[in-house]
Amino acid sequence: MVIKRTFVVHFYKQLSSVSNNNKRSDLSNRYFGLFLINRLTAYIYSTYLDTYFAKMWLEDRHGVELRNHTTGGVSVDKLFLGNISEGPCSGEEVCVGSRMVPRQVPANYKRPKDKILQQAKEFLDGFFRSSKKFASEEHIVRLLEVHKDIENKGKYDLTYDELVHGCGMAWRNAPRCVARVQWQSLKVFDARHVQTAKEMFDSIVEHIKYATNQGRLRSVITVFPPRTDGQLDFRIWNSQLISYAGYRNPDGTIEGDPANVQFTEACLYYLVSLCHSLGWERKERTQFDVLPLVLQANSLAPEVFLLPDDIVLQVPLVHPSLPWFEELGLRWYALPAVANMLFDCGGIQFPAAPFNGWYMGTEIGSRDLCDPQRYDISKMIASKMELNTSTHTTLWKDTVLLEVNKAVLYSYQKFGVTTWDHHTASESFMQFYASEMKTRGGCPADWIWLVPPMSSSSSPLFHQEMALYFLKPSFEYQTAAWSNFNTKSLIKKTTTSSQCNPRKKLRAVIIAVRLCSFLFYSSWSKRPKVVVLFASQSGRAEKFATKAFASFKSIFQTNLYCMADFDTSKLQDHQAIVVVASTFGDGDAPNNGEEFKNNLIKMRQKNSKFRQMNNESPRFAVLGLGSTSYNQFCAFGKFVDITFQELGGTRLLPLVCADELNNQEKTIETWLSDITIALCKQFLKEDNHNSFTNMELSGNQSNVSLTARFITSQEEKEDILRALSHVHHKEVSLARISGKTLIGDSNPNRDGHAIICLQLNTLNSETLKYKPGDHLAVFPQNNRDMIQRFVLRLRNCPAYKSMIQLQVQGPNRNWEYWKRIPPCSFDILLKRFVDLTSSPSQDTLRLLASSAIDPKDKMRLDVLAEDFVAHEKWVSSNNPNIVDVLEDFLSVDVDAAALISTLPVIQPRFYSISSSASVVPREIHLTATIVRYRTESGKGRLFRGMCTSYLEQINLGDFIICYFKSNPAFHLPPYPSKPLICIAAGSGIAPLRGFWQQRCFEKGVPSHHTFITKIFGNFSKRSVQQQAANQHGPVYLYYGCREKSSQLFRNELDAMMQHKVINKTFVAFSRETGKPKNYVQNLLWKDGARVSTQILNEGAYLYICGKKAMAIQVEDTVIRIMSHYGEMNNEEAEMIIRNLKAEGRYKTDIFG
Ligand SMILES: Cc1cc2nc3c(=O)[nH]c(=O)nc-3n(C[C@H](O)[C@H](O)[C@H](O)COP(=O)(O)OP(=O)(O)OC[C@H]3O[C@@H](n4cnc5c(N)ncnc54)[C@H](O)[C@@H]3O)c2cc1C
Ligand SMILES: Cc1cc2nc3c(=O)[nH]c(=O)nc-3n(C[C@H](O)[C@H](O)[C@H](O)COP(=O)(O)O)c2cc1C
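Since the model is a prediction, treat every value here as computed from it, not as a measurement. (Residues numbered from 1 in each chain as written. Chains lettered and ligands numbered in written order. Predicted model: local features only at pLDDT ≥ 70, side-chain atom pairs only at ≥ 80, totals over all residues. Heavy atoms only, no water.)

1. What to know about the overall build of the protein
Of the regular secondary structure elements, the protein holds 37 helices and 43 strands. Burial status across the protein gives 55% buried among its 1152 residues. Considering only intrachain contacts with a sequence separation of at least 6, the fraction spanning at least 24 residues in the protein is 76%. If you sum the accessible surface of the protein, you get close to 50,600 Å²; carbon and sulfur atoms cover 51% of it. (Helix = DSSP H or I, 4+ residues; strand = E, 2+ residues; numbered from the N terminus. Buried < 20%, exposed > 50% of the residue type's maximum accessible area, 1.4 Å probe, protein only. Contact = heavy atoms within 4.5 Å. Areas by Shrake-Rupley, 256 points an atom, 1.4 Å probe, with all protein chains shown as cover.)

Written out as structure tokens, the structure is:
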């Protein structure tokens, strides 16, 4: 204590003597002086005494003697005496000075206040000393100011001059840098004001431009905002501002710079996870692809930026006397700019402070190009030089190194780019070293790094002993940015954000979890295996399964399968099984899920159980797609969910059923986000020891679908039926058009209302077994005009007649067949497979945006591609098809294969069969409303439904491709005596016509001059069912259409009523001129008393057919009728409807 007091007094004496000596007039204000002294006493007590004790102790020591073995001279390094940092070997029992990274600033390192104070003081002392203002008033005021800031805020801001001084000193102090002689000429760009990654990027571009200076390189540092609380870091994830990508080939070889394979893979993943594509990942790969910059502002998710080609100066490597050298296509970039070190200055840490000097030739010629773990060109050069590589004694390696280094120096000189050879560099360092010893009393130096990698002993550095220690300010290694990236909090933040729409939320989660996967898994092969299975009839479940797959594939080892292609015995090979399945028929699996369902039933019957992996049963989650209008809501999804549980699986999430009638899309988006989180929670384990550098992301698992192409197919002849059967997992057949009637507006170019009635002949015996209520699936095709317009806007279209196969580039850039489109002619591909009428998805728009030349087009497309709400609005108002979009955005220049691989495959359209096979054997009748309307609320272009416009144009005698689908959920009741209440609107009357024909037949009603007889001839067949004729219950038909002229089957219905096949028909017209709008539900309400009695007391069956909106209105009305006439409350009435549905007495056939 005594010593301490003495020391303070001594310090002040010294201080005042300095002041007096300087004759400082401005210290004359005694009050100010006293104030300073008081404040400073407290300051010194609190911060410096320990340091000074350390110094006092160190001062007793003599420094280190260092010998130069060439000259024999001995110098003493005492500078380290002020150094309080640890060296690489402190605390180690052995010397580890050759470690690449001897020490690094840990992630999230928050320097304690007392340390900041101490380092600030030392730095400011140094700064003022260097400007010859040590102990000046300015110095003291600054110390007080800084002290106050540190006390209050835990930080302070360096002035620009201090920053410049600090940057220079950090360079001067860098023990590994041979070029330190330049330290005073470092240009400092102060970028501490930037806030976003984009602003960081702009600053870096400026840095590169200024530093490159057309080859006459200038040393520059750009300093981004400092670390504030150990959390909010600005970081550059690249190790250098300019560096080359490294790609792992399927055979394990590497293209490009092996040093950057992991970073390149991370970039590729990250680019894909970003919802816009930069195009970089799709470029043709070369050995020298400049990596994009991954920049992180304020600890937010990093963003990726491409460096403009014109600012990255590169030097093609040529040799002064070996002409073939040029042909090797070797090159290197001009500007070496370290990007990932932390600049530590005055106690403040700057995690992003890229700096550059210029290359010493050997860094490129020896290390980058010839190191075995880098480009490793030695053997190749040796063989070109015809050197004998069979023995080391030929010194072929040295010869190669020499020639490559000569080439590097020669080329940089030839192209006017600053560089220096290792001899000049060594000599200049020796001068710097000598000068530092003289002026500063020492020079921290890392012999291992400073001695050049070739001709070491011919460099003077080799013979100079050096002392390695660390001074501040400094450039420090720091833990990789990704390991400091707080993914957990990001996940939490994004998943708890309530304002986020589910899709945005999902996107944020995907980005976060992708990063998690980088951080927390040491190798791909350790990642959990996830399989996504789907079963889908009309494509929705497949679409969402594909989305789920897309979000999991870079996190887990993920595969996507249609159930029909999946071997059920492999289920247990996966740690997680994610199922997306719709329901069809009467609670059935879709076609492509039938076999899977049967296999699960067999497994259940055999009491099989899933095999355990590492004592864990497979996890599973099921998303069912369905419609509550069907009795068996999501039955197949429910079946899979319960069966997986019975087989011993563990649920990741409870079953989710997405109802077509109730926000299906939103339910699915939320589920997608939930399942992604659930999988991550289940499988992503934190392991802070795994840094990125330990990661072995296996390229062959990357699954990045980069591009697409057409190749010539070996198929000799086209078999469309087989191709469609294969793609849709259903045997398809031909049916001939034998009758066609159009009712309503026959002009296909107007948006008038029209209905088409078709008569088909089929020879398929299965199809002919249909019952009224069953469906026919019809495969439409794109019309010729659309196809021609489409092709005109594409690049690289194959010839129409050429047999081709679409391939996409998948994992590891290997080409895979695009399963959704089989080998066929380009013509058939366009006609039968690529859906040209649907509105482009956001994925497609993303591709178009990246292919747009006009920035305005690009911007508009980008908005649609990224903004979910804007996209939804655009689609619902404009319903644009891909051809319209290509014509609207004329600057889009897109490759045919790439675009086609993003478009959906044409799905068949279902039609309720509107005939009875008993009445018209070998025939199937369809009744379809032609979809034709003007978009944008009637003001936009004419939209024509794909299938109905195809059916409209088809000629008698032509064939359509179709398959039959049984629909037991809408068959006539098993007890014909029960009353039938049939409700339909528009073409919803189709299946009802099948019913009355069937009843007609069963009752033995003779043929008539009805629509049937007019078009299809008489019928008078009798059957056994006729015996039950008298037992048929009453039939009431409620039918809605626009106006009298569009009333379908009027004559036929009159005849049915005449023969008591239908007891009463009620027709509501919604657009009859001069009359109020009327709808089926109004008619039903009017008959409420009878309807209620029939339902509640007589066991009536209700059949409702038509569009969703109509079905909803009708259900509401039936509920109202029940509660009004059945004297029950609303809940009870709803319960009745639920029971009716469960009993199969309330049946719906909804048209989408
Ligand atoms: C089980 C089942 C049975 C069916 N039975 C029949 C039947 O018997 N008769 C029948 O006519 N249809 C029936 N359909 C509907 C039929 O399958 C088709 O959906 C319909 O014919 C339209 O097909 P498309 O290819 O012509 O139109 P698409 O090219 O598929 O276009 C239809 C799309 O256009 C949009 N659209 C259509 N009209 C408008 C409008 N006015 N305003 C805004 N957008 C609009 C909607 O997004 C709609 O989904 C049935 C559907 C199902 C699922
Ligand atoms: C003919 C037909 C039958 C259907 N049967 C059911 C059913 O029994 N249960 C159900 O929940 N949904 C049923 N649906 C609704 C579909 O499951 C729903 O439309 C789903 O979104 C379709 O998904 P997909 O395109 O993947 O096949 C049926 C739909 C149609 C057209």
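Having put the structure on the table, let's press on.
2. Focus: the pattern of salt bridges
Enumeration according to the criterion identifies 44 salt bridges in this entry. Of the charged contacts, one joins Lys570 and Asp567 as a salt bridge, the two residues approaching to 3.7 Å between their closest N and O atoms. Since its relative accessible area comes to 40%, Lys570 is described here as partly exposed. Arg619 is paired through a salt bridge with Glu616; the nearest N and O atoms lie 2.4 Å apart. Residues joined in a network through salt bridges with shared partners are Asp785, Arg789, Asp884, Glu887, Asp888 and Arg941. (Salt bridge = Lys/Arg side-chain N within 4 Å of Asp/Glu carboxyl O.)

3. What to know about the environment of Thr419
With respect to the element layout, Thr419 can be found in strand β17 (residues 419-420). Not counting the four nearest positions on each side in its chain, Thr419 is found in contact with Trp358, Tyr359, Met360, Gly361, Leu409 and Tyr412. There is a polar contact of 2.8 Å between the side chain of Thr419 and the backbone oxygen of Tyr359. (Polar contact = N/O pair within 3.5 Å; in protein donor to acceptor, adjacent residues only side chain to side chain.)

4. Thoughts on the packing of aromatic side chains
In this structure the tally under the stated criterion is 35 aromatic pairs. Between Phe584 and Phe910, the ring centres sit 5.6 Å apart and the planes meet at 35°, which makes this aromatic pair tilted. Of the two residues, Phe584 is situated in the loop between β21 (576-582) and α18 (594-605) and Phe910 in strand β34 (residues 909-912); the sequence distance between them amounts to 326 residues. Put simply, the rings of Tyr244, Phe288, Trp332, Tyr333, Tyr359 and Tyr375 pair up and form one aromatic cluster. It is Lys597 that lies over the ring of Phe639; its NZ or CZ is 5.6 Å from the centre. The lysine or arginine in question, Arg1120, covers the ring of Trp1085, its NZ or CZ lying 4.1 Å from the ring centre. (Phe/Tyr/Trp six-rings, centres within 6.5 Å; stacked < 30°, edge-to-face > 60°. Lys NZ or Arg CZ within 6 Å of the ring centre and 35° of its normal.)

5. Topic: the UniProt feature "binding site: heme b" (unreviewed entry) in the protein
Annotation from UniProt places "binding site: heme b" (unreviewed entry) at Cys177. Note on placement: Cys177 falls in the loop between α6 (160-172) and β3 (187-190). Beyond its immediate chain neighbours, meaning those up to four positions away, Cys177 contacts Trp171, Phe429 and Leu450. (UniProt positions renumbered as here; feature names shortened; annotations may be inferred.)

6. Things to note about the site of ligand 2
Around ligand 2, 22 residues are found, and the nearest of them are Ser536, Gln537, Ser538, Cys634 and Glu660. Between an oxygen atom of ligand 2 and a main-chain N or O atom of Arg540, the distance comes to 2.8 Å. Leu625 has a polar backbone atom sitting 3.4 Å from an oxygen atom of ligand 2. The fraction of the free accessible surface of ligand 2 (640 Å²) that becomes covered by protein chains is 95%. Counting only elements with at least two residues in the shell around ligand 2, the list comes to α17 (540-552) and β22 (619-626). Residue composition of the shell around ligand 2, by class: six nonpolar, 13 polar and three charged. (Near = heavy atom within 4 Å. Nonpolar A, V, L, I, M, F, W, Y, C, P; charged D, E, K, R; others polar.)

7. Quick word on a negative patch on the surface
On the surface, Asp1116, Glu1131, Glu1132 and Glu1134 cluster together into a negatively charged patch. Take the negative patch: its biggest share by element is three residues, from helix α37 (residues 1130-1143). (Patch = residues over 30% accessible without salt bridge, like charges linked within 9 Å, V, L, I, M, F, W, Y side chains within 5 Å. Lys, Arg positive; Asp, Glu negative; His and termini not counted. Charge placed at Lys NZ, Arg CZ, Asp CG, Glu CD.)

8. A closer look at the site of ligand 1
Taken together, 21 residues lie around ligand 1, and Phe910, Tyr911, Met946, Cys947 and Thr948 are the ones closest in. In the model, an oxygen atom of ligand 1 is placed 3.0 Å from a nitrogen or oxygen of the Ser987 side chain. Coverage of ligand 1 by the protein chains reaches 68% of its 980 Å² of free accessible surface. Those elements that provide at least two residues to the shell around ligand 1 are β34, β35 (923-929), α30 (946-953) and β43 (1146-1150). The greatest single-element share of the shell around ligand 1, amounting to four residues, is contributed by β34. Taken together, the residues that form the shell around ligand 1 break down as eleven nonpolar, eight polar and two charged.

9. Observations regarding the nonpolar core
Membership of the largest hydrophobic core comes to 108 residues, with the highest contact counts inside it found for Trp332, Phe343, Leu369 and Phe429. If we skip the residues at most four places from it in the chain, Phe343 touches Leu163, Gly166, Cys167, Ala170, Val223, Ile348, Gln349, Phe350, Ala353, Pro473, Ser474 and Phe475. Membership of the second largest hydrophobic core comes to 50 residues, among which are Val732, Leu830, Val894 and Ala896. (Core = buried A, V, L, I, M, F, W, Y, C linked by side-chain atoms within 4.5 Å.)

10. Observations regarding the pairing of β22
Within β22, eight of the eight residues are buried, leaving the element largely enclosed by the surrounding structure. Across the two faces of β22 the burial is the same, with Arg619, Ala621, Leu623 and Leu625 and Phe620, Val622, Gly624 and Gly626 all buried. With seven bridges connecting them, β21 and β22 associate as parallel partners. Paired with Val580 across the two strands is Leu623, which belongs to β22. (Pairing = 2+ DSSP bridges.)

11. Details of helix α26 (residues 868-878)
Residues separated by three or four positions in an α-helix point in the same direction, a consequence of the helix having 3.6 residues per turn. If you check which residues of α26 are buried, you get Phe868, His871, Trp874 and Asn878. The buried residues of α26 occupy an angular sector of 130° when projected down its axis, which confines them to one face. Those residues of α26 that are exposed and angled more than 90 degrees off the buried face are Val869, Lys873 and Ser876. Between the side-chain oxygen of the N-cap and the backbone nitrogen of Val869 there are 3.0 Å, and the N-cap of α26 in question is Asp867. (Arc of directions from axis to C-beta.)

12. A word on the sheet that holds strand β5 (residues 235-236)
The strands making up a sheet associate through backbone hydrogen bonding, with each pair oriented either parallel or antiparallel. Strand order in the open sheet formed by three strands is β5-β8-β9, and the pairing between neighbours is antiparallel. Two strands lie at the open edges of the sheet, namely β5 and β9 (303-305), each paired on one side alone. Here helix α7 (residues 197-212) sits on the sheet in contact with β5, β8 (293-296) and β9, set at roughly 130° to β8. (Axes fitted to C-alpha atoms, helices over the stretch in contact; angles between N-to-C directions.)

13. Digging into the sheet that holds strand β4 (residues 220-223)
Strands sit in the order β3-β4-β15-β12 across an open sheet of four strands; the sheet is mixed. In the strand order of this sheet, the two ends are held by β3 and β12 (337-338), each with one partner. Bridging between β4 and strand β15 (residues 355-356) involves two bridges; their strand directions are antiparallel. Residue pairing across strands places Val220 opposite Asn356, the latter belonging to β15. In this fold α6 packs onto β3 and β4, with an angle of close to 130° to the strand it touches most, β3. Contacts between α7 and the sheet are confined to β3, β4 and β15, with β4 contributing the most and set at about 170° to the helix.

14. Here we look at the packing of helix α35 (residues 1088-1097) against helix α36 (residues 1108-1125)
The interhelical angle for the contact between α35 and α36, taken along N-to-C directions, is 85°, at an axis separation of 9 Å. Taken together, the axes of α35 and α36 lie roughly perpendicular to each other. For the pair formed by α35 and α36, the contact residues are Gly1088, Ala1089, Val1091, Ser1092, Ile1095 and Leu1096 on the first element and Val1118, Ile1121, Met1122 and Tyr1125 on the second. Partitioning the contact of α35 with α36 into residue classes produces eight nonpolar, two polar and no charged. (Parallel < 35°, antiparallel > 145°, perpendicular 65-115°, else oblique.)

15. Things to note about the confidence of the model for the protein
On average, the protein scores 84 in pLDDT, and the residues at 70 or more come to 83%. Below pLDDT 50 for its whole length, residues 1-60 participates in 48 contacts with residues either more than four positions away or in separate chains. Here residues 686-706 is a poorly scored stretch, pLDDT under 50, and it has 61 contacts once near neighbours within four places are set aside; other chains count. (pLDDT = per-residue confidence, 0-100.)

16. A closer look at a nonpolar patch on the surface
On the surface, Met100, Val101, Trp447, Ile448, Trp449 and Phe462 cluster together to form a nonpolar patch covering roughly 550 Å² of accessible area. Tracing the backbone shows Trp447 in helix α14 (residues 447-450).

17. Considerations on the side chain of Glu923
Looking at the secondary structure, you find Glu923 in strand β35. Of the side chains with opposite charge, Arg922 comes closest to the buried, unpaired Glu923, at an N-O distance of 7.3 Å. In terms of polar contacts, Glu923 uses its side chain to reach the side chain of Gln759, at 2.8 Å.

18. Structural notes on the packing of α17 against helix α20 (residues 664-683)
Two packed helices can be described by the angle between their axes and the distance between those axes. Viewed as axis vectors pointing N to C, α17 and α20 meet at an angle of 30°, and their least axial separation amounts to 11 Å. What the angle tells us is that α17 and α20 run roughly parallel. In this structure, α17 crosses over α20, and the sense of that crossing is right-handed. Along the contact surface, α17 presents Arg540, Lys543, Phe544, Lys547, Ala548, Ser551 and Phe552, while α20 presents Gln664, Glu665, Ile668, Glu669, Leu672, Ile675, Thr676 and Leu679. (Left-handed = near helix turned anticlockwise from the far one by under 90°.)

19. Describing the side chain of Thr583
With respect to the helices and strands, the residue Thr583 is situated in the loop between β21 and α18. A distance of 3.0 Å separates a polar side-chain atom of Thr583 from the backbone nitrogen of Phe636. Dropping the residues within four chain positions of it, Thr583 is found in contact with Asp588, Leu625, Gln632, Cys634, Ala635, Phe636 and Gly637.

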